[in-house]
Amino acid sequence: MEVKIAASILNADINKLEEEIKSVSASADWIHVDIMDNHFVPNLGFGLNVLDSLSKKKVRPLDAHLMIENPDKWAPQYVEAGADSVTFHYEAAKDSARLIKELHAMKSRVGLAIKPKTPLSDVKEFLNDIDVLLVMTVEPGFGGQSFMDDMLDKVRQARSIINSEKLKLWVQVDGGIGYKTIKDSARAGADFLVVGSAAFSAADPSFAMKELRELAMKGAKS
Ligand code: DX5
Ligand code: ZN
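Residues numbered from 1 in each chain as written. Chains lettered and ligands numbered in written order. Predicted model: local features only at pLDDT ≥ 70, side-chain atom pairs only at ≥ 80, totals over all residues. Heavy atoms only, no water.

(A) Examining the overall build of the protein chain more closely. Of the regular secondary structure elements, the protein chain holds eight helices and eight strands. Structurally, the protein chain occupies a C-alpha span of about 45 × 40 × 30 Å along its principal axes. Within the protein chain, the proportion of its 222 residues that are buried is 56%. Considering only contacts in the protein chain between residues 6 or more positions apart, those separated by 24 or more positions represent 63%. Element-wise, carbon and sulfur atoms account for 49% of the exposed surface of the protein chain, whose accessible area totals about 10,000 Å². One finds the centroid of the 28 positive side-chain charges in the protein chain at a distance of 4 Å from the centroid of its 32 negative side-chain charges. (Helix = DSSP H or I, 4+ residues; strand = E, 2+ residues; numbered from the N terminus. Buried < 20%, exposed > 50% of the residue type's maximum accessible area, 1.4 Å probe, protein only. Contact = heavy atoms within 4.5 Å. Areas by Shrake-Rupley, 256 points an atom, 1.4 Å probe, with all protein chains shown as cover. Lys, Arg positive; Asp, Glu negative; His and termini not counted. Charge placed at Lys NZ, Arg CZ, Asp CG, Glu CD.)

(B) Here's a closer look at the nonpolar core. Membership of the largest hydrophobic core comes to 65 residues, with the highest contact counts inside it found for Ile9, Ile31, Val33, Leu133, Leu193 and Val195. Filtering out sequence-adjacent residues up to four positions away, leucine 193 remains in contact with Val3, Lys4, Ile5, Ala6, Val173, Ile177, Ile182, Ser185, Ala186 and Ala216. Residues Ala6, Trp30, Trp170 and Phe192 belong to the second largest nonpolar core, which totals six residues. (Core = buried A, V, L, I, M, F, W, Y, C linked by side-chain atoms within 4.5 Å.)

(C) Seen up close, the coordination of the zinc ion (ligand 2). Ligation of the zinc ion (ligand 2) by protein atoms is provided by His32 (NE2), Asp34 (OD), His65 (ND1) and Asp174 (OD), these donors lying 2.1 to 2.3 Å from the ion. Geometry at the zinc ion (ligand 2) is octahedral, judged from the six donor atoms that bind it and their angles of 71 to 169° at the metal. Of note, the donors binding the zinc ion (ligand 2) are all from one chain and are spaced H-x1-D-x30-H-x108-D. Placement of the pair is aspartate 34 in strand 2 (residues 30-36) and histidine 65 in strand 3 (residues 62-67), with a sequence separation of 31 residues. The exposure class assigned to aspartate 34 is buried, which follows from its relative accessible area of 4%. Histidine 65 sits in the buried class, given a relative accessible area of 0%. (Donors = N, O, S within 2.8 Å, 3.2 Å for Na, K, Ca; no water. Tetrahedral: all angles 85-135°; square planar, octahedral: opposite > 155°, others 65-115°.)

(D) Just the pattern of salt bridges, in detail. Inspection of every chain in the model, using the stated rule, returns eleven salt bridges. Among the salt bridges present, the one from aspartate 52 reaches lysine 56, with a minimum N-O distance of 2.7 Å. Pair noted here: aspartate 52 and lysine 56 are both in helix 2 (residues 48-56), with a separation of four residues, about one helical turn. In this structure lysine 56 comes out as exposed when scored by relative accessible area, which is 61%. (Salt bridge = Lys/Arg side-chain N within 4 Å of Asp/Glu carboxyl O.)

All quantities given are derived from atomic positions and should not be read as evidence of function.
Here is the structure:
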């Protein structure tokens, strides 16, 4: 299983965002941008303008994680703004099937995210149609929270369905991924790991990302 690592810039230092992104650009496969509307989650975060500006600066590939109400209306605009992959929350969407189709028609990769309390069975019917299943490993909204160990079971279930049905999607985990949790996440079957504060709070983010990737690769092989 090939492992992909995304650097989440939510907890990067916004005063020097460009520098922060440069510090991980060689060691991250994707740049993960958290979009928050203070309705779906109790926090306000980046929006369309940030995505657009990163895209214009040729920051690539961009993984937009939409923690917003009404993604049916907003998600396509993130593709237009330059996101290479757009992930929306199943709990927030009015019609996930329709939105998946619309985003694919715009040539975007499409991810479907589920909060910790949402069972995998709720989204099983979509697994054949998406590129990424995002299993949240914290309650969405803030960086720096503790990883919820009991989410590993959901990751295992997803991996087992994907393997037995020979599906192609990636399993992403987001929240509390760091030195203590990345290996177990990969061992459970996650192959797309979002790293936020574990990278940006490190003295050398690039070095931290490399160490984390090695740990993830070990987990994926064990
Ligand atoms: C949380 C966000 C995450 C966050 C992860 O709701 O979706 O992407 O930035 O940050 P850490 O890795 O610090 O948990
Ligand atoms: Zn995220």
